[in-house]
Amino acid sequence: MAALAVARRAAARKCARGLTSEARTVPMIIDGKKQASQGTTFFDVHNPATGELIARTPQCTPAELKLAANSAAEAFRSWRTTPPSSRARVMHKLEGAIRDNTDAIAKTLTEEQGKTIADAKGDIFRGLEVVEMSCGIPSMLQGETLANVANSVDVHSYRVPLGVCAGIAPFNFPAMIPLWMFPPAVTAGNTYVMKPSERVPLSSIMLAELAMDCGLPPGVLNVVHGAHDTVNFLCDNEHIRAVSFVGGNAAGAHIYERAGRNGKRAQCNLGAKNHAIILPDADPVSVVNQLVGASCGAAGQRCMAISVAIFVGKSQELIPKIAEEAAKLKVGPGNDPATDVGPLISAQAKSRVEQLIQSGVDEGAKLHLDGRQPAVPAANKDGYFVGPTIFSQVKRGMQIYDQEIFGPVLACVEASSFDEAIKFVNDNPFGNGTAVFTRSGAAARKFVDEIEAGQVGVNVPIPVPLPMFSFTGNKKSILGDLNFYGKAGVNFYTQLKTVTSAWRDDGHIEKLSTAGVGAV
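Bear in mind that the values here come from a model prediction, so they are computed numbers and not experimental data. (Residues numbered from 1 in each chain as written. Predicted model: local features only at pLDDT ≥ 70, side-chain atom pairs only at ≥ 80, totals over all residues. Heavy atoms only, no water.)

*Asks:* Help me understand the nonpolar core in this model?
*Replies:* Soluble globular proteins tend to bury their nonpolar side chains together. Formed by 64 residues in total, the largest nonpolar core has its most connected members in Leu-94, Ile-98, Trp-180, Met-181 and Tyr-192. Counting 40 residues, the second largest nonpolar core, distinct from the first, contains Val-200, Tyr-401, Val-425 and Ala-443. (Core = buried A, V, L, I, M, F, W, Y, C linked by side-chain atoms within 4.5 Å. Buried < 20%, exposed > 50% of the residue type's maximum accessible area, 1.4 Å probe, protein only.)

Dropping the structure here:
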């Protein structure tokens, strides 16, 4: 334990040293060692709150990518036979290490991604819950047995790891999504090649270092970098058996098709357009507070954000109050404890969201609150800020409805009946999450029964399941039939092996039972 404590303190010191104004090149991690890439193409990592260049992410060379896959394949030979309880103990240690280093990880996460420190700690904690779930994976690997299916014939099945797996993570949750991926995979006996977003790689490097400090052997978790070339390598390499992805629709469709064409499993969480229905009997204070937080929290950059609210009947009277409360949110840098809404990830994202806001105005929606050009401190004048924005009278066919905005924008729709509102939600091609606000148990039950989204909240705006369940988006929000984390996640990273045994040599048994009888 003393050695582990020293390792944790060392990791924390590394985190602190990482926060400098000097841009540095992000290392790879291959075979347990941080290494500098020899690549000559780089992706800039900017602090979204200031526009400052803080790091450069390399495009790993083909030789480096192959080295990472080969290292993971070699490590799998021994890791797969490591007792499941021993693998789980590494996760127990990692859980403690992440808790001990949460402040340092959150500081780095805020610097590279922009979200508030509070949101960064939430990002880490939701990933930490999957690490906790992974500690119980040994019991999920247990199989089934049926004795004497025929005379002296027994059958048993159990789950075994696939081999080398890969993860491709997005920019919006630099800690949570990698922790959705590699902890369940390696605890189930696989080895892993992780590709964080080239825009936010620093948090993933810290988490990988902590995992190695906690006892993950060299090669079990390798971290590589890059964009399209790296993604295509992970989909093509002969060692990699499964690919996990969270991100946009175009990239996800490409990964799912290319990985499948090469005989790999793929699970791809894609885009979303999450709706909430507000019935006239809903608690008005709760509705206002929860919709403001669910639409504007994390600057709207989450696939479970509520971006559309459908107001049934007189509940639309709450729209001005929602705009009033949203206007009270403070926009600013994430490292300011008073900030409620941090910046968007990039200048391009800011421009896109601003253009979509203007399209809403041009196409006839009513703008209650305009978040463009919010007031921010002088030190953040070059940051990528858009404040809370509230529209009403939004219709299908408007860009602010049809597109996933990924910004702090709430589109309000009016409906004359509950049935009309449910149909409106179900007609949308995406099915990540949805919610209803009501005090009626009968209405809630009708909603749960009839709605087609995969994750449903009743008076809960962002119903992301805890890891004892699985993340169950559906429709065009997912490609693949095995979801992230929980039992479905373990099933994705394992396969069944079934053994049929017959032992019928009664004569041999007789010889064994009398062996040595009469010997002097």
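*Asks:* Could you clarify how one ought to interpret the layout of surface pockets in this entry?
*Replies:* Which parts of space are left empty comes out when a probe the size of a water molecule is rolled across the atoms. Looking at the largest pocket, its volume works out to about 1000 Å³. Lining the largest pocket are 38 residues, with Phe-171, Arg-199, Gly-247, Gly-248 and Ala-251 sitting closest to its centre. Secondary-structure elements contributing two or more residues to the lining of the largest pocket are α9 (228-236), β11 (240-246), α10 (249-261) and α13 (347-362). Top element by residues in the lining of the largest pocket is α10. It accounts for 5 residues. Residue classes in the lining of the largest pocket are distributed as 19 nonpolar, 14 polar and 5 charged. (1 Å grid on protein atoms, 1.4 Å probe; cavity = no way out; pocket = protein on both sides within 12 Å on 5 of 7 lines; lining within 4 Å. Points joined across faces, edges and corners; volume = space filled by probe spheres on them. Helix = DSSP H or I, 4+ residues; strand = E, 2+ residues; numbered from the N terminus. Nonpolar A, V, L, I, M, F, W, Y, C, P; charged D, E, K, R; others polar.)

*Asks:* Help me understand the side chain of Gln-267 in this model?
*Replies:* Tracing the backbone through its elements, the reader meets Gln-267 in strand β12 (residues 265-269). A distance of 2.7 Å separates a polar atom in the side chain of Gln-267 from a polar atom in the side chain of Ser-244. Ignoring anything within four residues of it in the chain, the contact list for Gln-267 reads Val-243, Ser-244, Phe-245, Leu-479, Leu-482, Asn-483, Phe-484, Phe-492 and Tyr-493. (Polar contact = N/O pair within 3.5 Å; in protein donor to acceptor, adjacent residues only side chain to side chain. Contact = heavy atoms within 4.5 Å.)

*Asks:* Looking at this structure, I do not really get α9. What am I missing?
*Replies:* Because each turn of an α-helix spans 3.6 residues, side chains separated by three or four positions in sequence point in the same direction. Of all the residues in α9, the buried ones are Thr-230, Val-231, Asn-232, Phe-233, Leu-234 and Cys-235. Considering only its buried residues, α9 is in contact with α2 (62-79), β8 (164-168), β9 (191-195), β11 and α10.

*Asks:* How should the pattern of salt bridges be read in this particular structure?
*Replies:* Two side chains bearing opposite charge may form a pair once their charged atoms approach each other closely. Applying the stated criterion across every chain yields a total of 23 salt bridges. Residue Lys-446 pairs with Asp-419 through a salt bridge whose shortest N-O separation is 2.8 Å. In this pair, Lys-446 sits in helix α16 (residues 441-450) while Asp-419 sits in helix α15 (residues 418-426), placing the two residues 27 residues apart along the sequence. Overall, the relative accessible area of 26% leaves Lys-446 in the partly exposed class. Glu-450 is the partner of Lys-446 in a salt bridge, and the nearest nitrogen-oxygen pair spans 3.0 Å. Placement of the pair is Lys-446 and Glu-450 together in helix α16, with a separation of 4 residues, close to one helical turn. For Glu-450, a relative accessible area of 36% gives the class partly exposed. (Salt bridge = Lys/Arg side-chain N within 4 Å of Asp/Glu carboxyl O.)

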